[in-house]
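Coordinate inspection notes
Residue-level listing of the chains:
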Amino acid sequence: MQRALPRVLRILRPRRPLGARHCASDAAAGGREIQVRALAGADRGITEILMNRPHARNALGHIFVKELFEALARLREDQHVRVLLFRSGVKGVFCAGADLKEREQMSPVEVGVFVQRLRGLMNEIASSAVMGLIETTRGLLPGAGGTQRLPRCLGVALAKELIFTGRRLSGEQAHQLGLVNHAVAQNEEGDAAYHRARALAQEILPQAPIAVRLGKAAIDRGMEVDIASGMAIEGMCYAQNIPTQDRLEGMAAFREKRAPKFVGK
């Protein structure tokens, strides 16, 4: 609890707009492996991170990870971003996992440093979209958090089975296990999952951004501790939301029987 609570307190540090947003369009990003695009119109507030490393099937290499860290650091401070979508620019693949060809050229010390950095990246994006932890089939074990996240999602016994066997799961199998929220039939363009994710982003977009952010913090931090400590974390997050303009707007909208207009303040 002592470790988790300060992290919650920092969740609402002041955020500022970024002025000229680097790589606001795919065209401006040139040959970068990570490209950022802010959507406009009715989707304003949704930002896409496009993973574009086709020759390595979006494998997690040095440059890829460095650019992704940089993009997340910029977006974290941008008050205009309400929902973030990860999208693959490589047809037929989302992310191939670790770049083993690059990893093979590293010294043991370099491997340790890189895996630690990769673990931090996974903590940053909190992704559960992996369809298989196949490291044991390559003489490895999951090193970016898979041995800790998978048991929390599926339970210890099933997590051990999947990691020990290196089994790959189809989207439907992952959905049945509760590893992913949605499984959709592929379309001719190969972007059915993207359209489902964007539809979900559009559902989140009109909600109060501070309340959403604090709700996310309460869930994420609360899962790391016992339930009593988790309740304390929820209480701290709730207290931070009380003085917001959005809370007052939500109450006024309910009273006046109209849709609320949240501004993130």
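The preceding data block contains the structure.
Report on the accompanying structure. All of these numbers come straight from a predicted model, not from anything done at the bench.

1. Side note on the packing of aromatic side chains
- Applying the stated rule across the entire model yields 0 aromatic pairs.
- Stacked on the ring of Tyr194, the Lys or Arg Arg87 has its end atom at 3.6 Å from the ring centre.

2. A word on the nonpolar core
- Core analysis: the largest hydrophobic core is formed by 17 residues, its most contacted members being Ile34, Ile49, Phe64, Val65, Leu68, Leu118 and Leu121.
- Mapped onto this core, the elements with two or more residues apiece are strand E1 (34-38), strand E2 (46-51), helix H3 (62-76) and helix H5 (108-125).
- Sorting elements by how many residues they give to this core places H3 first, with 6 residues.
- Once residues within four sequence positions are removed from consideration, Leu68 is found in contact with Ile34, Ile49, Phe86 and Leu121.
- Leu133, Leu150, Ala159 and Val180 belong to the second-largest nonpolar core, a separate cluster that totals 10 residues.

3. Some points on the sheet that holds strand E3 (residues 83-88)
- Pairing within the open sheet is mixed, and its 3 strands lie in the order E1-E2-E3. With partners counted over all chains shown, the strands left at the sheet margins are E1 and E3, one partner each. On average, each strand axis in the sheet is inclined to that of its neighbour by 25 degrees, with strand direction left out of account.
- Where E2 lies against E3, 6 bridges are found, and the strand directions are parallel. By the bridge assignment, Thr47 is partnered in E3 with Leu84.

Each value, and the rule that gives it
Residues numbered from 1 in each chain as written. Predicted model: local features only at pLDDT ≥ 70, side-chain atom pairs only at ≥ 80, totals over all residues. Heavy atoms only, no water. Phe/Tyr/Trp six-rings, centres within 6.5 Å; stacked < 30°, edge-to-face > 60°. Lys NZ or Arg CZ within 6 Å of the ring centre and 35° of its normal. Core = buried A, V, L, I, M, F, W, Y, C linked by side-chain atoms within 4.5 Å. Buried < 20%, exposed > 50% of the residue type's maximum accessible area, 1.4 Å probe, protein only. Helix = DSSP H or I, 4+ residues; strand = E, 2+ residues; numbered from the N terminus. Contact = heavy atoms within 4.5 Å. Pairing = 2+ DSSP bridges. Axes fitted to C-alpha atoms, helices over the stretch in contact; angles between N-to-C directions.

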